[in-house]
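Inside the fold
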Amino acid sequence: MNSSVLLLVCAGLYAQDARQIVEESQRRGRANSQRYEGVLEVIAADGKSSSKSWQSMRLGSYGNSKAVIRFTAPAEVKGVALLIINHPDRASDQWMWTPAIGRDRRIALQDRSTRFFGTDFSFEDLEERDVDQYEFRLLGEDPIDGAACWRIEARPRQTKTSQYTLSHLWIRKDHYVAAQYENFIKDQLVRRLHAADIQDVQGIWTARTLEMTDLRRKSRTILRMQKLEYNVPLKDEEFTVQALRREQ
Amino acid sequence: MKPPSWDRLQPVLVFAALAHFAPAQSFTQRGFLETTGIFYPQTAPNDSGQAVGESLFRYEAFYKLTDLRFAAGIDARFDTHQQTDRSLDFSWFDRTRRRQVLAVRRLSATYTHGKLTIEAGKQLIRWGKADVLTPTDRFAPADFLNVVESDFLPITAARLTYGTQADTIDLVFEPRLTPSRIPLLNQRWGVPIPVPIPEAPADFPGAPQYGARWNHIGSVAEYSFSFYNGFDHLPLFRLTPAFALQRFYPQLRMYGADAAVPLGPVTVKSEAAYFTSTNPQSDEYVLYVLQLERQAGEWSFVAGYAGQAVTDHRSTVGYSPIRGFTRSIVAHASYTIDTNRSVTFEAVIHQNGQGEWLRAVYTQAFGQHWRATAGFALIRGNPSDFIGQYNRNSHLLLTLRYSF
């Protein structure tokens, strides 16, 4: 997952400007494919932490992409995998493969707000969101970690099914990387994603550390991307429900 | 005890060789060592034992070589209640009455080219979409030694899958039947027989079985149609001329369908299969399931009805937990307390009120490798009912698992 994978998109007084900023951000983050090994640290409200790791592969970008996330640790969930097929005009399709029972299960839209395998990411947070699914409004300028950013409001269009009523996103002015997202349900801030460790990887500025905070549970998950590569050779047939079973 | 022969050791050596030569970047492995204690407060008419200990070591390895993939897995078991053979006798088709000390869990090769995937060897094949009962899951025999704690058994088969994400055709050919393992007659999950009758060796079919399934994934719903022709992996019984009880596995043909449709707040899943047989002792019947599922916050719910309609009742003496759990309301709920802890509740309640099985399980993980499970199962009902006959088998269960 790339920081811009979670990019949210919006209209209003500065509608054109906001949309153009988001489109430029997506254009700069575009790649034919992406692969990385993610190390996750889940920190509960009481400070107890646990670690997980997964391998992530993505084919395509923004709206027409497919991704597979496969857990490699802890041992008990090794092999559990999630297939995400993103669509430009609607919510993604998702299937989860559980090797212990040898079955795949489609993650229904109404179930996407639940947490993904004990992390603070919900299933919906793992989607790649296309600019056309949101209305944008430029709220102003607001720095994140000392870097100048545009602050943009994104509201899902009626055709988009989302647990979130609206989101705020901060896009850095220097290289158009999304530095932070805040997701609201009605007027309540429920999740915050903070991007850090922004590096140039094969010409694409990428946040290699993402920290998702669940403000209701007061827990957070830190995802660090290792061995990150873009434009690696991946085959379309590796992103099907059959491939989930085949790869184990 | 006889020394283990080459035939018995060969699968073990194949696994070892595969693990040794596989390069790290294409090789993955996983497994666990699990020890379970089951404690029964009551004795049973055919079993005075009140505590059973079981240990299972499972190891699986996967090696990927461009378009070819190899999978290997082995189970090693031991228990205190003679449910596992005490010899190293090996049955490739898993046809032993007791569990094997060493059993091949997987040994298969998979070739993929574009939309085509062919897997041959010992493998697990699951069909169907429902959870509470899967009538179309015909290539999935199970270990029913403890009836309510079942585990699927692998089969030896060739499986060809062709298709895209949206439409897939699955063809399966199984040259020899792997039967489900049913309870031992002299143990508490076995059906008590008033007059002691010796058990004759089973009469296994020699012919193959085959099946086909077409699965469609739409933007809203998923559905599939399936067909199976072969033999039932659950037995019927007959008396031999020597007055011994003999298991046999009748011819079976299945026509099935399943579907999953998300509808607003819940996902509706349904699965049904019609079974016919040329065997004059075998019933013809329909099994069907309708279930609703939903996740809400940390809760996951599945509830439904498992039904059965017998279209042609014949003079059958058989043993089928699958049919035995039908005509029931089935429910499953789980709650994730935090990253390491969860609780699960399950219930199967026969509609006639004559049998019910309730279970609650608490699970806690410790670090990256350890997990402990504690639970209890309450079984009540009338001895004439499939579930009710086990009304003295309520039990406590403690499991400790190390995964790697």
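Residues numbered from 1 in each chain as written. Chains lettered and ligands numbered in written order. Predicted model: local features only at pLDDT ≥ 70, side-chain atom pairs only at ≥ 80, totals over all residues.

1. Notes on the overall build of chain A
Note the cut-off: Numbered from the N terminus, helices here are DSSP runs of H or I no shorter than four residues, and strands are runs of E no shorter than two. With the radius of gyration taken over C-alpha atoms, the globule rule is written as 2.2 Å times the number of residues to the power 0.38. Using C-beta atoms placed from the backbone, we call a residue buried if 20 or more other C-beta atoms fall within 10 Å of its own, exposed if 12 or fewer do, and partly exposed for counts in between.
The secondary structure content of chain A amounts to two helices and 13 strands. For 248 residues, the compact-globule formula gives about 18 Å, and the C-alpha radius of gyration of chain A, at 17 Å, lands near that figure. Counting all 248 residues of chain A, 53% fall into the buried class.

2. Let's talk about the nonpolar core
Inside soluble globular proteins, nonpolar side chains tend to come together where they are buried. Cut-off, in case you're wondering: Here a nonpolar core is just a set of buried residues of the types Ala, Val, Leu, Ile, Met, Phe, Trp, Tyr and Cys, joined wherever their C-beta atoms sit within 7 Å.
Counting residues in hydrophobic clusters, the biggest one holds 57 residues, and the most contacted among them are L83, I152, I171, A178 and A195 of chain A. A130, Y288, V302 and I379 of chain B belong to the second largest nonpolar core, which has 32 residues in total.

3. Some remarks on the sheet that holds strand β14 (residues 245–248) of chain B
Residues and elements named next belong to chain B. Put simply, the test is: At least two DSSP bridges between two strands are needed for those strands to be called paired. Only the stretch in contact is used when fitting a helix axis, every axis being a line fitted to C-alpha atoms; angles between N-to-C directions are given from 0 to 180 degrees.
One open sheet accounts for three strands, arranged β10-β14-β13; its pairing is mixed. Of all the strands in the sheet, the pair left with one neighbour each is β10 (199–203) and β13 (236–239). Adjacent strand axes in the sheet meet at a mean angle of 25° when their direction is disregarded. Looking at chain direction, β10 and β14 are connected through three bridges and run parallel. Bridged to A200 within β14 is Q246.

4. Focus: the pairing of strand β11 (residues 209–217) of chain B
Along a regular strand, successive side chains alternate from one face of the sheet to the other. Residue and element names in this part refer to chain B. Of the two faces of β11, only the one carrying Q209, G211, R213, N215 and I217 is buried; Y210, A212, W214 and H216 on the other face are not. One ladder, built from eight bridges, connects strand β9 (residues 167–174) with β11; its direction is antiparallel. Within β11, the residue paired with I169 across the bridge is W214. Pairing geometry for β11 and strand β12 (residues 222–231), over eight bridges, is antiparallel.

5. A word on the interface of chain B and chain A
Basically, it comes down to this: By the convention adopted here, residues make contact when the C-beta atoms placed from their backbones lie within 7 Å. Ten residue types, Ala, Val, Leu, Ile, Met, Phe, Trp, Tyr, Cys and Pro, are classed as nonpolar, four, Asp, Glu, Lys and Arg, as charged, and the remainder, Gly among them, as polar.
Every contact between the two is made by 34 residues of chain B and, on the other side, 24 residues of chain A. Within the residue set of the side of chain B that touches chain A, elements represented by two or more residues are β3 (68–79), β4 (102–113), β15 (251–263) and β17 (284–296) of chain B. Its residues assigned to classes, the side of chain B that touches chain A comprises 10 nonpolar, 16 polar and eight charged.

6. Considering the environment of S167 of chain A
Tracing the backbone shows S167 of chain A in strand β9 (residues 166–172). Remark: the alpha-carbon pair of S167 of chain A and A154 of chain A, spanning 13 residues in sequence, is separated by 5.1 Å.

7. Quick notes on the confidence of the model for chain A
Note the cut-off: You can read pLDDT as the predictor saying how much it trusts each residue, on a scale of 0 to 100.
Residue-level pLDDT values for chain A average 89, and 92% of them are 70 or greater. Of the regions scoring below 50 in pLDDT, residues 1–15 of chain A engages in 57 contacts with residues more than four places distant in sequence or in other chains.

8. A word on the confidence of the model for chain B
All names here are of chain B. Scored by pLDDT, chain B comes out at a mean of 91, with 94% of its residues at no less than 70. Contacts for the low-pLDDT stretch residues 1–24, under 50 throughout, to residues beyond four places or in other chains number 24 contacts. Here the predicted complex scores 0.88 on pTM and 0.84 on ipTM.

9. Notes on the environment of L228 of chain A
Residues and elements named next belong to chain A. Among the structural elements, L228 can be located in strand β13 (residues 219–230). The spacing of L228 and T206 is 22 residues in sequence and 9.5 Å in space, taken between C-alpha atoms. When residues no more than four places from it in sequence are discounted, the contact partners of L228 are Y36, V201, T206 and R208.

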